[in-house]
Every structure is written in structure tokens, then in C-alpha cells.
Amino acid sequence: MIKENKREIMYREALNEAFKEEMRRDATVFLMGEGIAQRGGSYKVSVGLLDEFGPRRVIDTPISEASFVGAGIGAAITGMHPVVEILFIDFAMLAMDQVINQAAKYKFMTGGKGQVPFVLRTQGGVGNGLAAQHSESLEAMFYHIPGLKLVMPSTPYDAKGLLKSAIRSDEPVIFLEHKLLYMTKGPVPREEYLIEIGRGDIKRPGSDLTIIAWSNMVPRSLAAAEKLAEEGIDVEVVDPRSLVPLDKELILESVKKTGHVLIVQEAIRRGGVASDIASIIQEEAFDYLNGPVRILAGRNTHIPFNLALESACVPQVEDIVAEVKASVYVGV
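Residues numbered from 1 in each chain as written. Predicted model: local features only at pLDDT ≥ 70, side-chain atom pairs only at ≥ 80, totals over all residues. Heavy atoms only, no water.

**Regarding the side chain of Ser-242**
With respect to the helices and strands, the residue Ser-242 is situated in strand β12 (residues 242-244). With a relative accessible area of 1%, Ser-242 lands in the buried category. Within the structure, the side chain of Ser-242 is placed 2.9 Å from the backbone nitrogen of Gly-198, a separation counted as a polar contact. Not counting residues up to four positions away in its chain, the partners in contact with Ser-242 are Leu-150, Val-151, Met-152, Ile-197, Gly-198 and Arg-199. (Helix = DSSP H or I, 4+ residues; strand = E, 2+ residues; numbered from the N terminus. Buried < 20%, exposed > 50% of the residue type's maximum accessible area, 1.4 Å probe, protein only. Polar contact = N/O pair within 3.5 Å; in protein donor to acceptor, adjacent residues only side chain to side chain. Contact = heavy atoms within 4.5 Å.)

Here is the structure:
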């Protein structure tokens, strides 16, 4: 039985399993999005769902983000549990009025009586040479809005457990995936499990420096940590898994242990989540720091079509290694 439960599946397969389990459990769960039914989604996350659950619960929409996101929010307010997919995060901007002024504020404006059990799924980040309009990292947009939960899983295990929790949430959840993670594999139990939104995870324990990273920067940080271990630098990698709510206690505990911290994000630095986390560390763990909080972020530019230039715009493993060395050896 134990051996049977030890299996590895892809990130996209883990999401697919989460959908099947939640749709079988609760008839009010349904999916809407661009190309998710007949095609099974551009990244094959929803393959097979139309056959099992039918066109009333797996719905292909027009390319009209404002209209189908608004329809999903309306359905959530009436008691359904919609999961709405926008193909690229770049086009979530077309539905921000619905997300910010309706989903995020509805509970507040009803005096706490109204619930919006709504999940907005989309993917972002660079990869595959999709150029400026299909490659952005815009988590900071949602991070800034009160009333929204924000989830960014980095592994198949986290993706499945967090998606199930997001679907069961009574509050709107922005569920951000990365296009380069869909084909990655990792262990996922066969038995049902949930991961609490707001509980981070230590992906690699260490003693010399803390790296805080999320989404696709987690596997790159882990690869960098292995390279650094060969030089005697022991790095701890902390993955918040969700940015709102943020597991501040886990982050501060790690920073207090290591005394050095590097925050790695794919998004540009200006106005980013990393800067806010850095301010939290400065305010609440300053006396434990042996050097300044460092941030490694994407370049302040649009993402080019050329693959080599695309790679140069976001942190790579060697960039993380260099920043860690600078922090450990330059820090006072």
C-alpha cells in the first residue's frame, strides 16, 4: 500500500486530479474558460473533464475575459463554486473591474454576510518565447487588493492540495500557475489531502542563508542551493506557497536562524512582492540580520520574443548563486 502511494505525476496532472475530486464531491463546482472543454486547455490541465462532467460543468467561453469572469463571480454570489480560467495572466487586466470592485469587495459591502467562493486560475511568467503580451508576472497586482487570497504553487503536490483548498474557500482566490511548471514531476499521494492556504513550506533546510522564492523561482533556487552546497554554503529555501495570506512566522523563523536572506522573484523589482516581504523582515527581524536583505528580481523591461533575451530578463540559477555568495561574503 505504501509503495503504491509513492508515485510521481506532472503538475498539470495534479491539477486535473484536484478538479476531478472536487467536482465529484460537490455538484456546485464547475469550470469556465477559454479552450478548456473541447481542447482540454492549452496546457492540458482539464483533459477528460468534459467527457465525465459534461458541457454544463465544463464550459468553453468566448475570448471575452470581462464577461466570463463577471459571470463566474455572479454564479459564486448565488452559491455556486466556479473555477474560471484566463489563458494568460496578461489578459486578466481586462477583468480587473470585476475582480477588484465585485469579487474582492462583495463581503465587505454586505457587512460580512455575502460570500464569493470563486477561483480565478491563470498562468504567467516567461517561457517558450511567447513575447511581451503573454509572459508577464503580475502577482503584485492582486497582492495589493484587500479581499483576495493569492496562491502560487511550485510543485505538483502543492498545486493539487492548494487548488482543492481554493475551491472549498468561501473567499475569492487568485490561483497563479507558471507555464514552465506544467510538465514538471513530483510525488503526489493517491489519498486525498488538502494544504491550508497561508501555510508555507521549507523546501530545503539550511543554516547559512535563507532564500525566499515562489512559483518557478523555487526549483531554480533549489538548483542553486545544490551548487552552493558544493562550496560549503548551506542554503535554506522557503516557499510561501501562498502570498496572501503570507506565512510570515515561517519566514521570520528561518531568517532568525540563518541571519542572511535573499528574496527571489521573477517579476520586476519595482512595486513587487519581494519588497514588501523585505520590509517585514527589516521591521520584525532586524536584530537577527548579519547583512542587508537582498532582492533578486526580473529586469525592468518587457519580455522579448527571442529565447536568449527572454532568459536574460529573469533570474537564472547562476544569478541566484552569485547573489547568495555576495550576501554571505559581503554581509557584515
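Still more to cover.
**Examining unusual backbone geometry**
Along the chain, Val-244 connects to Pro-245 via a cis peptide bond; the corresponding omega equals -5°. By secondary structure assignment, the location of Pro-245 is in the loop between β12 and α10 (248-258). At Ala-131, a position not held by glycine, the phi torsion is positive, near 70°. Residue Arg-241 is not a glycine yet carries a positive backbone phi of 65°. By secondary structure assignment, the location of Arg-241 is in the loop between β11 (235-239) and β12. What makes Arg-241 buried here is its relative accessible area of 7%.

**Let's talk about helix α2 (residues 11-25)**
In this model α2 runs 21 Å from its N-terminal to its C-terminal C-alpha over 15 residues, within 8% of the 21 Å that 1.5 Å per residue would give. Where α2 is concerned, the buried positions are Tyr-11, Ala-14, Leu-15, Asn-16, Ala-18, Phe-19, Glu-22 and Met-23. (Expected span 1.5 Å × (residues − 1).)

**Notes on the pattern of salt bridges**
All chains considered together, the criterion is met by 24 salt bridges. Between Arg-168 and Glu-192 there is a salt bridge, with its nearest N and O atoms 2.9 Å apart. Separated by 24 residues along the polypeptide, Arg-168 in helix α8 (residues 156-168) and Glu-192 in the loop between β8 (185-187) and β9 (201-204) bring together distant segments of the chain. On the basis of relative accessible area, Arg-168 is assigned to the partly exposed category, the value being 31%. When salt bridges with common partners are traced through the structure, they connect Arg-7, Glu-17, Glu-21, Glu-22, Arg-25, Lys-160, Lys-164, Arg-168 and Glu-192 into a single cluster. (Salt bridge = Lys/Arg side-chain N within 4 Å of Asp/Glu carboxyl O.)

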